[in-house]
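Each chain is listed here by its residues.
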Amino acid sequence: MSNSRLLPLRRLAALALPLVLAACASPALKQTSADIDALQRQIDAPSPLSASEGPLGPVELVASADRRGHDVMKARLKRAEAELALDETRSRRFPRISVEARDFVTYDRRNGVTDNANVVLGVNWDIAYALLGLDSRNIAIAEELIPVQYQLSYRNALGALLAAYASLSEMDFKRRHTLLEADALSCQAKSMRAEQKLGTVSVAEVDAMNARIAAVRSEADAIAMAMEAEESKVMALAGLKAGAQPVAASRSVLPALAGLPKSVAENGESCFSASGSQALENLLVEAAGAQLDLARKSRFTKLTAALPTFMSEDGGLSLQFLVGYVLPLIDQGDSLRLTDRARIRLLETILAARENHREFLNRYNETVLNTAGARRALASADAAIATARTSLSAAPDAEQCAAETALSKARLERAEALFAIEMARARQTLMCAPLPEAQNPA
């Protein structure tokens, strides 16, 4: 190797400071940041002991969930994440300044190490987004899509809370039915003890009946213990501390949804059209169509621009305007694949929308069937109440206990049927309620 051969050793110290020329964050970004701060305070804060005095019903649970419910906060975090992505896309339209400080070190066998430092300033600007506005349609769709997705996620969160409350109530009805069964057996045991004195019933038969009563009451206790786990789930979905306050099961659920917009849907199709589900389906298909349109525009032309400026320690400041126009006609397969992928996404979105439509109608029809079945159970319970009242008024003293238990059972069945009707109507309300006017796409 010659002694004059240079061995370059590059030591690069780079400081990159990207800045938007507007020099400030957008109002939407500032609002999103404030929303994230509020969510962080809610998540970091300990769960409150209670939402109100006394046992909690659906009204108190939904009110608490609206403030700090687990699933509701997850929906708000998803909305904030989508808003950040949208703001980032908008910011691509603005030029950005970049600053780099560089230090180059070169080793010469004769002269040793030489050092050359400079500073590079650059302005990067994607002219395709800034001037051509290729993504303007996507941005407009996203602005409508984000609030619609949030509203549906919010209602799904309320639906999950009410579903857990319904499960708790069903367990409570089962416990009460079990206790009434024990009461009916106790009435039989009372009659058996009277007959035992007459010698028509043996001691073993009475003991067997007492054991049966104890087993039934033990089952009721087991149901009550299982209800504690379901109650803790309800409290968690409501954003409350588990075990801090009892939950009153089988209360009316419709008042808890009074804040939602009123729905006048008469069938599944009108429910789907009025709800956010129809708006979501339309926007998703429109977004997929916009992606296809963008892919078609990008097949043959890629236009980019940069405005770099260079400044060194020895020289002045020079400004260069560089525009790159690329016409990629060499490989037509690239442009065809780009377009066909977008076509596939559009077709997949259309098929998914149709499937979601069918599933929505199936869920709606399920609520209609549940309502019809509950109304039939309500009519049967009303008839049973009338029969039990007649029997009770005419029953001799020895049969009064059994008649009173039969009347209590009929009343419990009526309460259970009414609760089932309200739950079905509540599910319909969550499905069919229109979006708030401020978030309803035109």
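Every value quoted in this text rests on a predicted model; they were computed, and no experiment measured them.

> How should I be thinking about the overall build of the protein chain in this particular structure?
Helix and strand counts for the protein chain stand at 10 helices and 7 strands. Scored against the burial criterion, the 442 residues of the protein chain give a buried share of 32%. Long-range pairs, those at least 24 residues apart, make up 81% of the contacts in the protein chain between residues at least 6 apart in sequence. Accessible surface, the protein chain as shown: approximately 25,900 Å² in total, 56% of it carbon and sulfur.

> Would you mind going over the packing of aromatic side chains with me for this structure?
How two aromatic rings sit relative to each other is set out by the distance from centre to centre and by the angle between their planes. This model, assessed by the stated rule, comprises 4 aromatic pairs. When the centroid spacing of 6.3 Å and the interplanar angle of 55° are considered together, the rings of Tyr-165 and Phe-419 count as tilted. Taken together, the residues Tyr-165 in helix H5 (residues 136-198) and Phe-419 in helix H10 (residues 400-432) connect sequence positions 254 residues apart. As far as burial versus exposure is concerned, Tyr-165 and Phe-419 are alike and both buried. Chaining the aromatic ring pairs together yields one cluster made of Tyr-165, Phe-173 and Phe-419. The ring of Tyr-150 has Arg-79 lying over it, and the distance from NZ or CZ to the ring centre is 4.0 Å.

> Any chance you could explain the state of the cysteines here in plain terms?
When the sulfur atoms of two cysteines share a covalent bond, that bond is a disulfide. What the rule picks out here adds up to 2 disulfides. For Cys-187, the disulfide goes to Cys-401, at an S-S distance of 1.8 Å. In this structure the cystine formed by Cys-187 and Cys-401 twists about its S-S bond by roughly -65°; its chirality is therefore left-handed. With a gap of 214 residues between them, Cys-187 in helix H5 and Cys-401 in helix H10 connect regions that are remote in the sequence. A relative accessible area of 30% means that Cys-401 is categorised as partly exposed. With a sulfur-sulfur separation of 2.0 Å, Cys-271 is cross-linked through a disulfide to Cys-432. The chirality of the disulfide connecting Cys-271 with Cys-432 is left-handed, given an S-S dihedral of about -100°. Highlighted residues: Cys-271 in helix H7 (residues 268-274) and Cys-432 in helix H10, separated in sequence by 161 residues. Exposure remark for Cys-271: the relative accessible area of 0% places this residue in the buried category. Cysteine pairing for the protein chain, with bonded cysteines counted in sequence order: 1-3, 2-4.

> Quick question: what am I supposed to make of the packing of helix H2 (residues 58-68) against H5 here?
Helix-helix packing is characterised by the crossing angle of the two axes and by the distance between the axes. Between H2 and H5, the shortest axis-to-axis distance is 11 Å and the interhelical angle comes to 145°. The element H2 and its partner H5 pack so that their crossing is right-handed. In this structure, H2 contributes Pro-58, Leu-61, Val-62, Ala-65 and Asp-66 to the contact, and H5 contributes Tyr-154, Leu-158, Leu-161, Leu-162 and Tyr-165. Split by residue class, the contact of H2 with H5 holds 9 nonpolar, no polar and 1 charged.

> Hey, could you run me through H5 in this one?
The periodicity of an α-helix, 3.6 residues per turn, causes residues three or four places apart in sequence to face the same way. For H5, spanning 63 residues, the distance from its first C-alpha to its last is 94 Å, which sits close to the expected 93 Å at 1.5 Å a residue. Along its length, H5 shows its largest kink, about 25°, at Leu-145, and proline Pro-147 lies within four residues downstream of that point. Phi turns positive, to about 85°, at Gly-199, one or two residues after H5.

> Mind showing me how you'd approach the environment of Met-227 here?
As for its position among the elements, Met-227 is in helix H6 (residues 203-237). Sequence spacing of Met-227 and Ser-167 is 60 residues, and the spatial spacing of their C-alpha atoms is 9.1 Å. When neighbours within four sequence positions are excluded, Met-227 is seen to be in contact with Leu-168, Met-171, Asp-172 and Arg-175.

> For this particular structure, what's the right way to read the confidence of the model for the protein chain?
Regions with low pLDDT should not have their predicted coordinates read in detail. Here the protein chain averages 81 in pLDDT, and 79% of its residues register 70 or above. Ignoring residues within four places in sequence, the model shows residues 305-313, a span with pLDDT below 50, making 43 contacts including any to other chains.

> I tried to follow the environment of Asn-156 on my own but got confused; where do I start?
Here Asn-156 shows up in helix H5. As a C-alpha pair, Asn-156 and Asp-71 span 85 residues in sequence and 8.4 Å in three-dimensional space.

> How should I be thinking about the nonpolar core in this particular structure?
Looking at soluble globular proteins, one finds that nonpolar side chains tend to be buried together. With 38 residues, the main nonpolar core has Leu-61, Leu-161, Leu-162, Leu-257 and Phe-419 as its most contacted residues. At the level of secondary structure, the elements contributing two or more residues to this core comprise H2, helix H3 (70-91), H5, H6 and H10. In this structure, Phe-419 is in contact with Tyr-165, Ala-166, Ser-169, Phe-173, Ser-250, Arg-251 and Val-253, ignoring residues within four places of it in sequence.

> Looking at this structure, I do not really get the pattern of salt bridges. What am I missing?
Between side chains of opposite charge, a pair can form as their charged atoms come close. As enumerated under the stated definition, the model contains 8 salt bridges in all. Notably, a salt bridge pairs Asp-172 with Arg-176, separated by 3.5 Å at the nearest N-O pair. Of this pair, Asp-172 and Arg-176 are both found in helix H5, 4 residues apart, which corresponds to roughly one turn of the helix. Measuring nitrogen to oxygen at the nearest pair gives 3.1 Å for the salt bridge that ties Asp-340 to Arg-343. Placement of both Asp-340 and Arg-343 in helix H9 (residues 332-394) is noted, with a separation of 3 residues, approximately one turn of the helix. Exposure remark for Asp-340: the relative accessible area of 26% places this residue in the partly exposed category.

> I keep staring at the environment of Asp-35 and nothing clicks. Help me out?
Among the secondary structure elements, Asp-35 is positioned in helix H1 (residues 27-44). Remark: the alpha-carbon pair of Asp-35 and Arg-76, spanning 41 residues in sequence, is separated by 8.6 Å.

> I tried to follow the side chain of Arg-155 on my own but got confused; where do I start?
Along the polypeptide, Arg-155 turns up in helix H5. Judged by relative accessible area, Arg-155 falls into the buried class, the value being 4%. Within the structure, Arg-155 has its side chain in polar contact with the backbone oxygen of Ala-433 (distance 2.4 Å). Side-chain polar atoms of Arg-155 contact the backbone oxygen of Pro-434, separated by 2.7 Å. Among residues more than four places away in sequence, those in contact with Arg-155 are Leu-260, Pro-261, Leu-430, Ala-433, Pro-434, Leu-435 and Pro-436.

Conventions we followed
Residues numbered from 1 in each chain as written. Predicted model: local features only at pLDDT ≥ 70, side-chain atom pairs only at ≥ 80, totals over all residues. Heavy atoms only, no water. Helix = DSSP H or I, 4+ residues; strand = E, 2+ residues; numbered from the N terminus. Buried < 20%, exposed > 50% of the residue type's maximum accessible area, 1.4 Å probe, protein only. Contact = heavy atoms within 4.5 Å. Areas by Shrake-Rupley, 256 points an atom, 1.4 Å probe, with all protein chains shown as cover. Phe/Tyr/Trp six-rings, centres within 6.5 Å; stacked < 30°, edge-to-face > 60°. Lys NZ or Arg CZ within 6 Å of the ring centre and 35° of its normal. Disulfide = S-S within 2.5 Å. Axes fitted to C-alpha atoms, helices over the stretch in contact; angles between N-to-C directions. Left-handed = near helix turned anticlockwise from the far one by under 90°. Nonpolar A, V, L, I, M, F, W, Y, C, P; charged D, E, K, R; others polar. Expected span 1.5 Å × (residues − 1). Bend = angle between axes of the 7 residues up to and from the residue. pLDDT = per-residue confidence, 0-100. Core = buried A, V, L, I, M, F, W, Y, C linked by side-chain atoms within 4.5 Å. Salt bridge = Lys/Arg side-chain N within 4 Å of Asp/Glu carboxyl O. Polar contact = N/O pair within 3.5 Å; in protein donor to acceptor, adjacent residues only side chain to side chain.

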